[in-house]
Amino acid sequence: MPDFHAFLTRLPHELAFSSEDPAAIVDRYYAPEIEYRNDGIALDRQRLIDHTGPARKNARELEIQVHETLLDGDRAAARYSMAVLTRKGQALQIEAYLFAQFAADGRVLRVDSITRTVST
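I will try to describe carefully the structure that is included in this document.

## Some words on the pattern of salt bridges
Summed over all chains, the structure comprises 11 salt bridges. Between Arg45 and Asp27 there is a salt bridge, with its nearest N and O atoms 2.7 Å apart. Remark: Asp27 occurs in helix H2 (residues 22-29) and Arg45 occurs in helix H3 (residues 45-58); sequence separation between them is 18 residues. Arg75 serves as the salt-bridge partner of Asp74, at 3.5 Å between the closest nitrogen and oxygen. Put simply, Arg10, Glu14, Glu20 and Arg28 are held in one network by salt bridges that share partners.

Written out as structure tokens, the structure reads:
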């Protein structure tokens, strides 16, 4: 079974702050046929990779706190929060609720998540 906690906490840091090729990071955590739906917006592999550019440009600090996780076979759920500080000094506090399904190789195959900004 994959390290779900690392998926929630390490992946965002790697995408936002690493100099590694974003495609390599995405491919390490996600199956090639990833279906990612966040707040009703569908993202495929390429859109996840493309999202790295703005994240790397705008994020200065990122702290993730995992409040709850549940693992059952190839399914997982999490409730967590993210504190983001942008390069322009804006502070965001975001709550996230995520449901994931894993591929046979342990990478994430599908995500359904909802988020909300709770303070700025």
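## Describing unusual backbone geometry
In this structure, Asp39 is a non-glycine residue whose phi angle is positive, near 50 degrees. Within the secondary structure, Asp39 sits in the loop between strand E1 (30-38) and strand E2 (41-43). The exposure class of Asp39 is partly exposed, given its relative accessible area of 38%.

## Looking at the environment of Thr9
On the secondary structure map, Thr9 appears in helix H1 (residues 4-17). The exposure class of Thr9 is buried, given its relative accessible area of 18%. Each C-alpha atom, one on Thr9 and one on Gln65, is 7.9 Å from the other, the two residues being 56 residues apart in sequence.

## Structural notes on the sheet that holds strand E5 (residues 91-102)
Sheet strands associate in pairs through backbone hydrogen bonding, adopting either a parallel or an antiparallel arrangement. Spatially, six strands are ordered E2-E1-E6-E5-E4-E3 in an open sheet, and the strand pairing comes out mixed. On the outer flanks of this sheet lie E2 and strand E3 (59-72), each paired with one strand and no other. Pairs of neighbouring strands in the sheet enclose a mean axial angle of 20 degrees, with direction left out of account. Pairing geometry for strand E4 (residues 75-86) and E5, over 11 bridges, is antiparallel. Considered in E5, the bridge of Arg75 is made with Gln101. Running over the sheet, H1 touches E1, E3, E4, E5 and strand E6 (108-119) and is turned about 160 degrees from E3.

Conventions used here
Residues numbered from 1 in each chain as written. Predicted model: local features only at pLDDT ≥ 70, side-chain atom pairs only at ≥ 80, totals over all residues. Heavy atoms only, no water. Salt bridge = Lys/Arg side-chain N within 4 Å of Asp/Glu carboxyl O. Helix = DSSP H or I, 4+ residues; strand = E, 2+ residues; numbered from the N terminus. Buried < 20%, exposed > 50% of the residue type's maximum accessible area, 1.4 Å probe, protein only. Pairing = 2+ DSSP bridges. Axes fitted to C-alpha atoms, helices over the stretch in contact; angles between N-to-C directions. Contact = heavy atoms within 4.5 Å.

All quantities given are derived from atomic positions and should not be read as evidence of function.
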